[in-house]
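Read off the chains here:
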Amino acid sequence: MTELNVWKNVDDYFMDKLLPENEHLDAVLQANKEAGIPEIDVSPTQGKLLYLLAKIKGAATILEIGTLGGYSSICLAQALPKEGKVVTLEINEEYALVAQQNIERSGYKEQVEIILGNALDSLPNLKKAGHLFDFIFIDADKPNNPAYLKWALKLAHPGAIIIADNVVRNGAVTDEISKDERVRGVQQFIDLLKEEPRIEATAIQTVGVKGYDGFILAIVN
């Protein structure tokens, strides 16, 4: 049995034991697949982790950079108080349309706002409008991770949690001479975290149905 099969079996075990059936989230994955959206959503166990972290934080305002088909948006929305809000940014119009449909079917139309366009255009507009967030999830194009972190700091309440996904890159993050722009973006992101006195952070390696990767968990002081 391959490592990936073992990791998938363990994920399946934990999902069976710890994650109750959620027809809305299952329907999202099916709708995304039918729409041809890449199957790069967070896994169900990772989605539950996002939900738990947002709930532990008591987040009322959440920013997500990278909507895809809305799976993680809904996981985060489930953690909100009644008056809470997720603002999620997506550059791909087709993905945003599918995500909007998924969000509406899941009953979170009032809690989730999708902003279509380049995130680096949308983030300054959020700042100008006076938005601040309790929880920020970065899961978009990796070459722009350093810029996303800089904007996350400008948009974060004191004590805000920042999560950045896909930072291990199957171990390639340690390759100092990598020519992969995604790897380089993550490395520059990590270097910024190292030098940023306003943030305390750690990195967690993960395995599972999505293979070998990891995420950053940070808090803004």
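Residues numbered from 1 in each chain as written. Predicted model: local features only at pLDDT ≥ 70, side-chain atom pairs only at ≥ 80, totals over all residues. Heavy atoms only, no water.

J.: Can you help me understand the side chain of Gln-111 in this one?
T.: Relative to the helices and strands, Gln-111 is located in the loop between helix H5 (93-106) and strand E3 (112-116). Accessibility expressed as a relative area gives 17% for Gln-111, which makes it buried. Apart from residues lying up to four places away in sequence, Gln-111 is in contact with Leu-80, Lys-82, Gly-84, Lys-85 and Val-86. (Helix = DSSP H or I, 4+ residues; strand = E, 2+ residues; numbered from the N terminus. Buried < 20%, exposed > 50% of the residue type's maximum accessible area, 1.4 Å probe, protein only. Contact = heavy atoms within 4.5 Å.)

J.: Please clarify how the pattern of salt bridges should be interpreted in this entry.
T.: Charged atoms that come close allow side chains of opposite charge to pair. Applying the stated rule across the entire model yields four salt bridges. In this structure, Asp-139 engages Lys-142 in a salt bridge whose closest nitrogen and oxygen atoms are separated by 3.3 Å. Residue Arg-198 pairs with Glu-196 through a salt bridge whose shortest N-O separation is 2.7 Å. By relative accessible area, Glu-196 is classed as buried at 15%. (Salt bridge = Lys/Arg side-chain N within 4 Å of Asp/Glu carboxyl O.)

J.: Explain the nonpolar core here, please?
T.: Proteins that are soluble and globular tend to have nonpolar side chains buried together. Formed by 29 residues in total, the largest nonpolar core has its most connected members in Leu-63, Leu-123, Ile-138 and Ile-162. Sorting the residues of this core by element identifies strand E1 (61-65), strand E2 (85-90), helix H6 (119-128), strand E4 (133-138), helix H7 (145-154), strand E5 (156-165), helix H8 (181-195) and strand E7 (211-220) as the ones contributing at least two each. Ranked by residue count, the leading element in this core is H7, at five residues. Those residues in contact with Leu-123, other than ones at most four positions away along the chain, are Leu-63, Ile-65, Leu-89, Tyr-148, Trp-151 and Leu-155. (Core = buried A, V, L, I, M, F, W, Y, C linked by side-chain atoms within 4.5 Å.)

J.: I tried to follow the side chain of Asn-166 on my own but got confused; where do I start?
T.: In this structure, Asn-166 sits in the loop between E5 and H8. Of the polar contacts made by the side chain of Asn-166, one reaches the side chain of Lys-142; its length is 3.3 Å. When neighbours within four sequence positions are excluded, Asn-166 is seen to be in contact with Asp-139, Lys-142, Val-186, Asp-213 and Gly-214. (Polar contact = N/O pair within 3.5 Å; in protein donor to acceptor, adjacent residues only side chain to side chain.)

J.: Is there a simple way to think about the sheet that holds E7 in this case?
T.: The strands making up a sheet are joined through hydrogen bonds of the backbone, oriented either antiparallel or parallel. The seven strands are arranged E3-E2-E1-E4-E5-E7-E6 in an open sheet whose pairing can be described as mixed. Every interior strand has two partners, whereas the edge strands, E3 and strand E6 (199-208), have only one. The average undirected angle you get between the axes of adjacent strands in this sheet is 15°. Pairing between E6 and E7: ten bridges, direction antiparallel. Across the sheet, Ala-201 pairs through a bridge with Ala-218, a residue of E7. Seen against the sheet, H8 touches E4, E5, E6 and E7 and runs at an angle of roughly 30° to E7. (Pairing = 2+ DSSP bridges. Axes fitted to C-alpha atoms, helices over the stretch in contact; angles between N-to-C directions.)

J.: Sorry, what's going on with the packing of aromatic side chains here?
T.: Describing an aromatic ring pair means giving the distance of the ring centres and the angle of the ring planes. Inspection of the entire model under this criterion finds one aromatic pair. On the numbers, 5.5 Å between centres and 65° between planes, the contact of Tyr-13 with Phe-14 is edge-to-face. Residue classification places Tyr-13 among the partly exposed positions, given a relative accessible area of 48%. For Phe-14, a relative accessible area of 38% puts it in the partly exposed group. Across the ring face of Trp-151, the terminal group of Lys-154 is positioned such that the distance to the ring centre comes to 4.1 Å. (Phe/Tyr/Trp six-rings, centres within 6.5 Å; stacked < 30°, edge-to-face > 60°. Lys NZ or Arg CZ within 6 Å of the ring centre and 35° of its normal.)

J.: What should I look at first to understand the environment of Thr-206 in this one?
T.: Relative to the helices and strands, Thr-206 resides in strand E6. The spacing of Thr-206 and Lys-109 is 97 residues in sequence and 31 Å in space, taken between C-alpha atoms. Discounting chain neighbours no more than four positions away, the residues touching Thr-206 are Gln-46, Gly-211, Tyr-212, Asp-213, Gly-214 and Phe-215. Within the structure, Thr-206 has its side chain in polar contact with the backbone nitrogen of Gly-214 (distance 3.4 Å).

J.: In this structure, what is going on with H7? I would like to understand it.
T.: The element H7 is extensively covered by neighbouring structure, given that seven of its ten residues are classed as buried. Taken together, the buried positions of H7 are occupied by Asn-145, Pro-146, Tyr-148, Leu-149, Trp-151, Ala-152 and Leu-153.

J.: What am I meant to see in the packing of helix H1 (residues 3-18) against helix H3 (residues 44-57) here?
T.: Geometrically, a packed helix pair is captured by the angle between its two axes and the distance between the axes. H3 packs onto H1 with a crossing angle of 50° between their chain directions and a minimal axis gap of 9 Å. Regarding the angle of H1 to H3, the classification is oblique. Residues Asp-11, Phe-14, Met-15 and Leu-18 of H1 form the contact with H3, whose own contacting residues are Pro-44, Thr-45 and Lys-48. Among the residues forming the contact of H1 with H3, the class breakdown is four nonpolar, one polar and two charged. (Parallel < 35°, antiparallel > 145°, perpendicular 65-115°, else oblique. Nonpolar A, V, L, I, M, F, W, Y, C, P; charged D, E, K, R; others polar.)

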